[in-house]
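Below, each chain spelled out in residue letters.
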Amino acid sequence: MKILKVSFVLIVFILVSAFTIKNTLDGYKIGDIATDFKLKNVDNKMVSLSDYKSAKGFIVIFTCNHCPFSIAYQDRIIALDKKYKAKGYPVIAINPNNPAISKGDDFEAMQQRAKEKGFTFPYLFDEGQQIYPQYGATRTPEVYLLNKENGKLIVAYMGAIDNNSQDEAAVTEKYVENAVDALLAGKKPTINTTKAIGCSIKK
Amino acid sequence: MKQLLLFAFIFVLFSCKEVTKTEKTATIENATEITIEEINYNGLELLLNKQDDKTYVINFWATWCKPCVEELPSFQQLYENYKGKNVEVILVSLDFKNQVETRLIPFIKEHNLKPTVVLMVDPDQNTWIPKVDTEWSGAVPATMIYNKNKRAFFEQSFTYEKLETELNNILKTN
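Please read all numbers here as calculations on a predicted model, not as lab measurements.

## Describing the sheet that holds strand β3 (residues 87–93) of chain B
All names here are of chain B.
Point 1. In space, the six strands of this open sheet follow the order β1-β4-β3-β2-β6-β7, with mixed pairing throughout. The open sheet has two edge strands with one neighbour each: β1 (37–39) and β7 (151–154). On average, each strand axis in the sheet is tilted by 25° relative to the strand beside it, whichever way the strands run.
Point 2. Pairing between strand β2 (residues 55–61) and β3: seven bridges, direction parallel. In the strand pairing of β3, Val57 is matched with Val89.
Point 3. Packing of helix α3 (residues 66–81) onto the sheet brings it into contact with β2, β3 and β6 (142–146), and relative to β2 it is tilted by some 160°.

Set out below in structure tokens:
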């Protein structure tokens, strides 16, 4: 009986730790199904990926106001949206930071930045920080390229926008553009995961 | 005679101006005596793989990174407490290259940073980040503690106590 009790406790422990570890550590891998969301845009309207009936996929970018890398990429993100929205892959930007900790990343500041820069894409606020942990985002800016396959959103590329954050003129590989071009040609992206220095997401 | 006086007056005026100018330059030169070594991945690889008897604490940070700035005092304190104990603290800055004079050097002075600061300038982050540690996402702060026998990598912020504990874990194995 004692052995039974001990093994029961053990099993419960293993189960609990397995689930907790999965929830806290694992983000998406290539090929995983990405979750949809309903987040507030800078125009105060709620936005879901399911609103975009005719989209072939999405360039989801976790980015923010304060991070110098996010600022360095602002114009390149606008250019990405302009280039690929018409082709079926619009940019959806999400600010994952907790504004109580990250100064300058509050909703009003987001509205102001979107207006100043003339963002052509939704700039959503991950209120309560429910969405970015599911994706497994760790820094800003960080891209998740999603491709619609049989009605599901499949992660096709994760990582950096290109290979030179500080100097756009010196970029030699446009990772996101190459990945979207591959999807448009009916192929899988050759490079599907990249890393870059960025600001850690403020919890 | 009047003209001569005027000329002399103007001359004096200009010489004064000249003197002030020289003094100003001198002050600026004094202020920028800190020079920051720039490294690319090859330099970083050397820094992360020394085979001598020292233990290295390598912190990846930037002046624009709030949690990095908050944990810097812990690294400063570690540097002070382990000075002469075969422990080296090196701060690898990921600040933008064009902000070294305007941000990085003033920051080092303002905070009186004692550990060596180097600037990582290699733009090909996708190549070098996984070489530092395969688990590193690229978010900062991040810290490597190593010696020739053992190494540990942390993508997290440190308190002084936690930092010292991790350093001692590495030191113990010597």
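After that view of the structure, there is still more to cover.
## A closer look at the pairing of strand β4 (residues 116–120) of chain B
All names here are of chain B.
Point 1. The buried fraction of β4 is high, at four of five residues.
Point 2. The pairing of β1 with β4 spans three bridges and is classified as parallel. Looking across to β4, one finds that Ile39 is bridged to Met120.
Point 3. Pairing of β3 with β4 involves four bridges; the strand directions are parallel.

## Considerations on the environment of Asp81(A)
Residue and element names in this part refer to chain A.
Point 1. On the secondary structure map, Asp81 appears in helix α2 (residues 68–84).
Point 2. Under the relative-accessibility criterion, Asp81 is labelled buried at 0%.
Point 3. Separated by 57 residues in sequence, Asp81 and Thr138 have C-alpha atoms that sit 22 Å apart.
Point 4. Excluding residues that lie within four positions of it along the chain, Asp81 makes contacts with Pro90, Val91, Thr120 and Phe121.
Point 5. Separated by 2.9 Å, the side chain of Asp81 and the backbone nitrogen of Val91 make a polar contact.

## Side note on unusual backbone geometry
Point 1. Cis peptide bonds are those with omega within 30 degrees of zero, and the linkage from Thr140(A) to Pro141(A) qualifies with -10°.
Point 2. Mapped onto the fold, Pro141(A) is located in the loop between β6 (139–140) and β7 (142–149).
Point 3. Residues Val140(B) and Pro141(B) are joined by a peptide bond in cis, for which omega reads 10°.
Point 4. Mapped onto the fold, Pro141(B) is located in the loop between β5 (139–140) and β6.
Point 5. The phi torsion at Asn150(A) lies on the positive side, around 50°, for a residue other than glycine.
Point 6. Residue position: Asn150(A) is located in the loop between β7 and β8 (152–159).
Point 7. Its identity is not glycine, yet Asn112(B) carries a phi of approximately 50°, on the positive side.

Here is what the cut-offs are and how they apply
Residues numbered from 1 in each chain as written. Chains lettered and ligands numbered in written order. Predicted model: local features only at pLDDT ≥ 70, side-chain atom pairs only at ≥ 80, totals over all residues. Heavy atoms only, no water. Pairing = 2+ DSSP bridges. Helix = DSSP H or I, 4+ residues; strand = E, 2+ residues; numbered from the N terminus. Axes fitted to C-alpha atoms, helices over the stretch in contact; angles between N-to-C directions. Contact = heavy atoms within 4.5 Å. Buried < 20%, exposed > 50% of the residue type's maximum accessible area, 1.4 Å probe, protein only. Polar contact = N/O pair within 3.5 Å; in protein donor to acceptor, adjacent residues only side chain to side chain.

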